[in-house]
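Single-letter residue listing:
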Amino acid sequence: MDENMEKARELVTALVQTNIERFMNHGGFLSPQWWLLVAFTIVPWVIWVKIVDKKRKLELVVVGLFIAIVTKLLDLVGYNLNYWDYPIQMIPLVPEAFAFDLSMVPVAYMLLYQYFKTWKSYCLGLLCMSVIYAFIGEPFCNLIMVVAYFKWKYIYSFLYYNVIGITVRTIADNLKRTYEGLNSYPAKEN
């Protein structure tokens, strides 16, 4: 094994061990913030399961998966570039934001896509969601220390929420049109 690769593996192992120690001793395990993260992870999915349009479930899941993947990747980039940290974590591995990346954010976009069918209404809903998440939700989470921002401003999040929302809507609409177009051709007889 390459010497640099071995050093990198040792550093990752040390990081994981440090995070486990931080989680158990100073990370707020079972604190009110920890329980809030658990709720932020579970409650959106419970709501989604109850109100999802069953006929559009696959379409909505595609939207949610796209959002979750992009959000998780950008979260890892931001964390590694030291833009933010997660003082309170649900699990003690690499600092993560499962509650946000895999629940709160994708479920919000799936519900936007489900309920706001025209571009005009969708953009208005997206704008409202972006304001709430970036200028109310994120400052609240920063205040209660489930996230700590270093080189990040809430306006960046506001822009991100809007850009990703427009992007995912465009992709989902194009996929839907393509799928509907493929299914509109008459079946060939053998």
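Model, not experiment: these values are computed from the prediction.

Reading guide: rules and limits
- Residues numbered from 1 in each chain as written.
- Predicted model: local features only at pLDDT ≥ 70, side-chain atom pairs only at ≥ 80, totals over all residues.
- Heavy atoms only, no water.
- 1 Å grid on protein atoms, 1.4 Å probe; cavity = no way out; pocket = protein on both sides within 12 Å on 5 of 7 lines; lining within 4 Å.
- Points joined across faces, edges and corners; volume = space filled by probe spheres on them.
- Helix = DSSP H or I, 4+ residues; strand = E, 2+ residues; numbered from the N terminus.
- Nonpolar A, V, L, I, M, F, W, Y, C, P; charged D, E, K, R; others polar.
- Expected span 1.5 Å × (residues − 1).
- Buried < 20%, exposed > 50% of the residue type's maximum accessible area, 1.4 Å probe, protein only.
- Phe/Tyr/Trp six-rings, centres within 6.5 Å; stacked < 30°, edge-to-face > 60°.
- Axes fitted to C-alpha atoms, helices over the stretch in contact; angles between N-to-C directions.
- Parallel < 35°, antiparallel > 145°, perpendicular 65-115°, else oblique.
- Left-handed = near helix turned anticlockwise from the far one by under 90°.
- Contact = heavy atoms within 4.5 Å.

Digging into empty space enclosed by the protein
Item 1. All told, the structure shown has one cavity of 30 Å³ or more when counted by the stated rule.
Item 2. Put simply, the largest cavity is a space of about 40 Å³.
Item 3. Lining the largest cavity, in full, are L37, Y86, I88, Q89, M90, E96, A97, F98, A99, F100 and V146.
Item 4. At three residues, the largest contribution of residues to the lining of the largest cavity is made by helix α4 (residues 98-115).
Item 5. For the lining of the largest cavity, the per-class residue count stands at nine nonpolar, one polar and one charged.

Digging into helix α2 (residues 32-51)
Item 1. Spanning 20 residues, α2 covers 28 Å between terminal C-alpha atoms, matching the ideal 28 Å at 1.5 Å per step.
Item 2. Listing the buried residues of α2 in full gives W34, L37, V38, F40, P44 and W48.

Side note on the packing of aromatic side chains
Item 1. With the rule as written, the count across this model stands at 13 aromatic pairs.
Item 2. Relative to F158, the ring of F135 lies with its centre 5.5 Å away and its plane at 35°, an arrangement referred to as tilted. Within this pair, whereas F135 is found in helix α5 (residues 119-143), its partner F158 is found in helix α6 (residues 154-183), the two being separated by 23 residues in sequence.
Item 3. Note on F158: relative accessible area 15%, which makes it buried.

What about the packing of α4 against α5?
The relative placement of two packed helices comes down to the angle between their axes together with the axis-to-axis distance.
Item 1. Where α4 contacts α5, the axes come no closer than 10 Å and their chain directions differ by 155°. What the angle tells us is that α4 and α5 run roughly antiparallel. The chirality of how α4 crosses α5 is right-handed. Residues F100, M104, V105, A108, Y109, L112 and Y113 of α4 touch α5, and the partners they reach there are Y122, G125, L126, M129, Y133 and C141.
Item 2. Looking at the contact of α4 with α5, its residues break down into 12 nonpolar, one polar and no charged.

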